[in-house]
Amino acid sequence: MAQITIHDLSKQLGNQAVLKGLNLVVKDREFVTLLGPSGCGKTTTLRILAGFLQPDQGEVRVDDRLLSSPQTVVPPERRRMGMVFQNYAIWPHLSVFENVAFGLKLARVNRTEIADRVQEALRLVGLSGLDRRFPGQLSGGQQQRVALARSLVVEPEILLLDEPLSNLDAKLRDRMRVELKELQRRTGITFIYVTHDQDEAMALSDRIVLLSRGVLQQVGTPREIYEQPANLFVADFMGTVNMLPGQVIETGPATVRVRLANGTVLTAVSRAGNLTPESQVTLVIRPEAIQLSTTAPTAGENRLQGVITEATFIGNLMDYQIAVDDLRIRVQSDWTQVFPHDTAVYLDIPVAACVAMQEPPEPVLAA
Amino acid sequence: MRAETPFNQPQIADESRRKFSIEQAIPNLVLGGAVLFLLGIVGYPLIWLLLGALGLPKTFTAAPLLRVFTETRNLTPLKNSLILAVGTSLLSVLLGVPLAWATARTDMPLRRVIHALVALAFILPPYLTALAWIILLGPNAGHFNRLLRWIFGFSEGPLNIFSMGGVILVIALHVFAFTYLLTHSALQSLDAPLEESAQVLGASRATIMRRITLPLVAPAVTGGALLAGVDSLALFGPQALLGSPAQISFLPTRIYSVLGSYPPRYADASALSLILVLLTVIGLTIQRNYLERQSFITVSGRGIRTRVVPLGRWKWPLFLFCALVVILAAIAPLMVLLLAAFSKVWTSPLTPDNFTITNFHAALISNQISTRAILNSFKLAIGAATLGTILGLLIAYIDQRTNLRGRRVCDYLAILPLGLPGTVMAVGLIQAFIRPPIQLYGTIWILLVAYIARHIPLAVRSASGALRQIDPSLEEAARITNASWLQSIRLILAPLIRSSLVVAWLLIFIPSLGELSATILLYANGSETISVALFRLNDLGQLEVVAALAVFTITVILVTSLLLQWLTTRRGSQITDQIQVT
Amino acid sequence: MSESTLSNTDQSQRTTRRTFLRYIAGGTALSLANALLVACGGSTTPTAAPASTTQAATTTNSPAAGTASAGAIDIDKAKKEGVVQLYTSLDTQIVDSVIKPFKDKYGIDVQYYRAGSAQVTGKVLQEADAGKIQADMVDASDVGAFLELKRRGILTPYQAVVGSAMNQFVAADLRDPDGTWIADRLTQVVIQYNTDLIKTPPQHWKDLTDQQYNGKLAFFGSSAGDSAPRLYTLAKAFGYELLESYAALKPLRVDTPQLVTQALEKGERAATFNMNDNIAQRSKLQGKPTAYLFPDEGVPTEPGAAGLIKNAAHPNAAALFFDWWMGAEGQKILVEGGKYSSRTDLEPPKENPPLKSLKTLILDYAEYQANRPEILQRMAKIFGGEWGV
């Protein structure tokens, strides 16, 4: 068992509060990604988890062990964690074998067992036969694998990964994603993964923890976060969105009616708590949720009319820029449905995909 | 992002096993210990130097400081020290700049040999060259004087090494290496197009030299000359050996006299020391400003193409000048000591009848003081180098790997001894450690402290440079992979910066082996060092034994320096970097 | 010397001073302590008394002669201590030859710190400030320094541990009535010159003031002021003008008598006016081109003294060595090394005249000690350079 409980964690570096009251529970064997732009506090959180930083407030527990608090820091070597660094941090003066065997030697594992376990770890990451090489003789991807093998061989309960794929080229990155995911399933280790790349986070994670300026924005499965962003920041960060400012004119039990700048009134799902008429809101609409047609749709509450100003074929889909009066709306549709330039189209926006949010984004605390 | 070593960390609450909490405290203990040690060996003696100058602890008065400026016996050494510094600065330019130009920018023959011999002149302990110069230029019996009289038929003299001019000459032949090295590297980093563009515009070679080259290297020349002057202030050995016979005293010899007789007058010694520090600090500050101005030289890293000036018919005259300088600075003193070391009677020529190796037997085996001194010097140099390297590493580590408050102060304190002549440091150390709570005076430990304190800047600089190149994540990776803090340093950090640590070690070892100016004030019965033995044996007129011991010491210093040179060039860095801070 | 200096000194110094005064025969206006008074004339000499007791002493004591009282010292403890730390201003070649038979006999090592007299004293005083004196025994040719050491309570009376047997061989004015120090040697200050460079040897102190010696003189004078007592003796006897005349000839100044001899031997300088007799003798015996002389008008005599340090680390070994040092055997080695012994029962060094044929000039050390700062400043003014003031 390795359940991580983070309670009310805060940290200040210099004069800047980089983490403010983070609460999070990571379940055993879960793959959780800390996601956010640089300076959001994700790396700080990871370094507190690793024991390199001491929190100013709050605590970190694994199961019942208190690992970090302002009074206490269990040193890194006693946390039963592994860590993969952004720059791999492979020791250049040690061979691949010695790099991987390092932790086992310090744990006084006997020699034959070290040899076996190192070979097993190297096999696991696909580096069998390279054990005598020195880091200088390895490619970036191979170094990455050495770093993985090194942290896995000591059989940690938790593996911390700090943007491990950011230094790899795109193709290798895709392959490593798959391998990492498999690795996690096979080993049953709890993974805490830090990245600023939302695609990577979506591809890998059981759950994503989205941070901004030291504040937790949302926790959820990739789908939840994508489909039901808790606030404007989340919506914006998780892929492309249309953001249309407007004013509430009517509130219902689950929906609100919002008048846009051009006078059009749309019905939207409300994510903000207590909206009243006259509230300024932003409608958030994913480009792929909008249906295009040249004929007027028969059903649907939210209907707009516009002209295609730009149509781009980008492989698996079509990307349109559509002018609706003064508004610019982006729509992505199936690549089989192609409308030429200057086509007049109808836009059908499902109410469920049209979300009304309010600025500033209020922090949503994890359940 | 900078790692934060848990400092001032409270005790463990949850897993409160004792072994664990001790382990937890190790970084604090080690790093805290290093800070305390540094404060103890540099800060504490400095405080006593200041207190001492005010007459404390006996009285509290500004009289000692006033006496420095009101009494002739203090003003004369002050004046002499200033003359010495200015004189050696100027002479170092006259000697160093032509040599630097010749070896850096011309097609003169044997440039690399000349370069190496300048380095040799720099590592020879100056009190040994001073001894050699007494043999060479003693006003009546000196070899050179006899030669000159024989050639020109003077009735006496003509040159007297026991004079202000003699002191300036001998010291300048040592410190001109500063001017030489700084100018040399400035000339080497001068990109050829700067000069060639002037040539294209029709400037003559002399004009280029005067209008382009010289102004561009002027900051380096001035900086080097200032360093030379500052260093000359501190060189007790040649000042005592050559100045005292002519009744010329300088601040260090004055301090030695004030403390050496009875009763020792700490207040006066402290006040004089403060003046010496003041002169040094002024010199170093101006020097730093000049070196900063040097930045307008186009230091574009690699790929600099320097222009080689063909000398034509000036090739041999320039070569003769350069050869003369290095002969005077290095070869002649070495030869004289070598000859004396193998002579039964050093005043006679080294004929087969006069040849002997018993001097070495005396110096290395049979002479009580000499053998004890060799043992002590090696113990001290090895001890100081080892502890100093560790301390330097820890201070650099605190600066670069922790958020410890006050780490800047720590860093500053570790660089401070650069501005403290050995004599001054000794005056502070005596007063600090002659009384409780830490009484080290009269033991060999005070010498160890002195050597570490004097040379700690070299170690910190070496270690800092190395640490800057090692990403902290390498140590963190070790920590998270089961390594304790100490193991992460021992197994990962130390091996990775090993060559820098070896360089730091040698940079402390070499000067410690021959340290004189602090030692002469601090040594006691049983803690004589090689430098003291050389001084004392010379007092007793046993010059042959002195020469043998000198030859032995120089050999050790040479071998270790070559090792250092080899290590630093292998690392691709310049030995001049290190020399700048010595 | 004035009465004011007397009133400034404390009790012990006053006593010492009186002892001196008592033996100043003839009482020259300069208060020159002609104390040895083995002077050529037939005046009643204080040394006569000790000399007459010599016979009795040697008969009543054990055959071990000088080391008679060694029996009172615990030799086992001394051997267990194993080592003696000696601070001395004596030439190391002599020190080595005194130590060797002692070490052979008892297996006790003697380690020494050698420097000029003032430096030896300064070192002891600094170590006293540090609360731990390394030395077990101190020897320096500056009785004034011993008065200072005694005043500071650093010395322990040797009589208590070694016995007083040696006292009878040494004139009373050459030892502390309280027994904290005793003279061990009498250095005669001589004129030495290079025989190649000087064709007509100088006879008198004044001869060296001649213009022909301009740039040709050397003298011993360390920065700690080691040679001040002997120069002061000369000044007292012949006036400060003598020193000023020397200074006008731009003499070369070096730290030790050994270096002066070296300068003379190699012809760097022609003559010196404050050489140690033993160093000059050694140079001559070694066949170097030097000679020396004891001027008729008076020879400054510099008593060297020895004492034991209170609460020393090796008290028994030090006592044993002190006894050896002051005993006939040890002192004979000193004489062989060219020193006049303070013991009246020993011969003068080879080639040197008996003391009674010399007109010795001995300093009133209490007076010297009282006025030392002013004297040193005067020397600094005359010669320039550092004098430890």
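Residues numbered from 1 in each chain as written. Chains lettered and ligands numbered in written order. Predicted model: local features only at pLDDT ≥ 70, side-chain atom pairs only at ≥ 80, totals over all residues.

## Focus on the overall build of chain A
Operational definition: Runs of H or I in DSSP of at least four residues are treated as helices and runs of E of at least two as strands, each being numbered from the N terminus. Exposure is read from a count of other C-beta atoms within 10 Å of each residue's own; the residue is exposed at 12 or fewer, buried at 20 or more and partly exposed in between. C-beta atoms are placed from the backbone. Once C-beta atoms are placed from the backbone, any two residues with those atoms within 7 Å are in contact.
Scanning chain A from terminus to terminus reveals eight helices and 21 strands. Taking the principal axes of the C-alpha coordinates as reference, chain A spans close to 75 × 45 × 35 Å. Residue burial in chain A is summarised as follows: out of 367 residues, 44% are buried. Long-range pairs, those at least 24 residues apart, make up 65% of the contacts in chain A with a sequence separation of at least 6.

## Topic: the sheet that holds strand β6 (residues 72-73) of chain A
All names here are of chain A. Using the following cut-off: Strand pairing is defined by DSSP finding a minimum of two bridges between the two strands. As a rule, the C-alpha atoms of each element are fitted with a line to give its axis, helices using only the stretch in contact, and angles between N-to-C directions run from 0 to 180 degrees.
Ordered in space as β2-β1-β4-β5-β6, the five strands form an open sheet in which the pairing is antiparallel. The open sheet has two edge strands, β2 (16-26) and β6, and neither has a second partner. Note that strand β5 (residues 65-69) and β6 share two bridges and pair antiparallel. Within β6, the position partnered with S69 by the bridge is T72. Taken strand by strand, helix α1 (residues 42-50) contacts β1 (4-13), β2, β4 (57-62) and β5, and its axis lies near 65° from that of β2.

## Section: helix α10 (residues 240-248) of chain C
Owing to its 3.6 residues per turn, the α-helix aligns residues three or four sequence positions apart on the same side. Residue and element names in this part refer to chain C. Counted only if it meets this: What the arc measures is the spread of directions leading from the helix axis to the C-beta atoms.
Among the residues of α10, those classed as buried are L243, Y246 and A247. Around the axis of α10, the buried residues are gathered within 100° of arc, so they sit on the same side. Set apart from the buried face of α10 by more than 90 degrees, the exposed residues are E241 and A248. Of the surrounding secondary structure, the elements contacted by the buried residues of α10 are β6 (217-220), α9 (228-238), β8 (271-276) and α15 (365-383).

## Details of the sheet that holds strand β16 (residues 291-293) of chain A
All names here are of chain A. Spatially, β16-β20-β17-β18-β19 is the arrangement adopted by the five strands of the open sheet, whose pairing is antiparallel. The open sheet terminates on both sides in strands that have one partner only, identified here as β16 and β19 (327-334). Taking each pair of neighbouring strands and ignoring which way they run, the sheet shows an average axis angle of 40°. Both strand β17 (residues 302-313) and strand β18 (residues 317-324) contribute to a ladder of six bridges, which runs antiparallel.

## Some remarks on the environment of T72 of chain A
As for its position among the elements, T72 of chain A is in strand β6. Given 22 C-beta atoms within a 10 Å radius, T72 of chain A is considered buried.

## A look at the confidence of the model for chain B
Residues and elements named next belong to chain B. Put simply, the rule reads: On a scale of 0 to 100, pLDDT captures the predictor's confidence in every residue.
Here chain B averages 85 in pLDDT, and 90% of its residues register 70 or above. Here residues 295-303 is modelled with pLDDT under 50, and outside its nearest four sequence neighbours on either side it reaches eight contacts, counting other chains as well. Low confidence marks residues 572-582, where pLDDT is under 50. Its contacts with residues over four positions away, or in another chain, come to 15 contacts. Across the interfaces of the predicted complex, the ipTM metric reaches 0.84, alongside a pTM of 0.82.

## Remarks on the interface of chain B and chain C
Put simply, the test is: As a working rule, the residues Ala, Val, Leu, Ile, Met, Phe, Trp, Tyr, Cys and Pro are called nonpolar, Asp, Glu, Lys and Arg charged, and the rest polar, with Gly in that last group.
At the junction of the two partners, chain B supplies 32 residues and chain C supplies 45 residues. Taken together, the elements giving at least two residues each to the side of chain B that touches chain C come down to α11 (251-260) and α23 (530-539) of chain B. No other element matches α11 of chain B, which puts five residues into the side of chain B that touches chain C. In terms of residue class, the side of chain B that touches chain C is made up of 13 nonpolar, 15 polar and four charged.

## Things to note about the interface of chain B and chain A
Contacts between chain B and chain A engage 26 residues on the former and 29 residues on the latter. For the side of chain B that touches chain A, the elements supplying multiple residues, two or more each, are α19 (472-480) and α20 (485-496) of chain B. With six residues, α19 of chain B is the single largest residue contributor to the side of chain B that touches chain A. Classifying every residue of the side of chain B that touches chain A gives 13 nonpolar, seven polar and six charged.

## Some points on the pairing of strand β9 (residues 290-293) of chain C
Residues and elements named next belong to chain C. With burial as the criterion, only one face of β9 is covered, namely that bearing T290 and Y292; the residues A291 and L293 on the opposite face remain uncovered. Bridge count between strand β5 (residues 181-194) and β9: four bridges; the pairing is antiparallel. Note that in β9 the partner of I191 across the bridge is L293.

## Concerning unusual backbone geometry
All names here are of chain B. A cis amide bond links L56 to the next residue, P57, at an omega of 0°. Assignment of secondary structure puts P57 in the loop between α1 (18-53) and α2 (63-70). Along the chain, P436 connects to P437 via a cis peptide bond; the corresponding omega equals 5°. Looking at the secondary structure, you find P437 in the loop between α17 (422-433) and α18 (445-468). The phi dihedral of N482 falls on the positive side, at around 80°, and the residue is not glycine. Within the fold, N482 resides in the loop between α19 and α20. Taking the C-beta count within 10 Å as the criterion, N482 has 22 such neighbours and is therefore assigned buried.

## Notes on the environment of G246 of chain A
You can see G246 of chain A is positioned in strand β12 (residues 242-251). For G246 of chain A, the contacting residues outside a window of four places in its chain are V258, R259, L260, A261, V281 and L283 of chain A.

## Considerations on the pairing of strand β14 (residues 265-270) of chain A
Residues and elements named next belong to chain A. In terms of strand pairing, strand β13 (residues 255-260) meets β14 through five bridges, oriented antiparallel. Directly across from T255, in β14, lies its bridge partner V269. Between β13 and β14, which pair antiparallel one after the other, the connecting turn spans four residues, and G263 there sits at a positive phi close to 100°. Two elements, β14 and strand β21 (residues 354-357), share two bridges in a ladder whose sense is parallel. When the bridges of β21 are listed, S270 appears paired with A356.

## A closer look at the environment of L339 of chain B
All names here are of chain B. Structurally, the position occupied by L339 is in helix α13 (residues 315-341). Among the residues examined, L339 registers 19 C-beta atoms within 10 Å and is labelled partly exposed. For the pair L339 and L350, spaced eleven residues apart in sequence, the C-alpha separation works out to 6.6 Å.

## Details of α19 of chain B
With respect to burial, α19 of chain B is a largely interior element, eight of its nine residues being buried. For α19 of chain B, the complete set of buried residues consists of S473, L474, E475, E476, A477, A478, R479 and I480 of chain B. Residues of α19 of chain B that are buried in the fold lie against α1 and β7 (81-84) of chain A together with α20 of chain B. Looking one or two residues beyond α19 of chain B, the residue adopting positive phi is N482 of chain B, at roughly 80°.

## Here we look at the nonpolar core
For clarity, the cut-off: Buried Ala, Val, Leu, Ile, Met, Phe, Trp, Tyr and Cys residues form a nonpolar core when they are connected through C-beta atoms within 7 Å.
Membership of the largest hydrophobic core comes to 419 residues, with the highest contact counts inside it found for L283 of chain A, A450 of chain B together with M137, F321 and F322 of chain C. Ranked by residue count, the leading element in this core is helix α7 (residues 164-188) of chain B, at 16 residues. Excluding anything up to four places from it in sequence, F322 of chain C contacts M137, Y158, V162, A306 and L308 of chain C.

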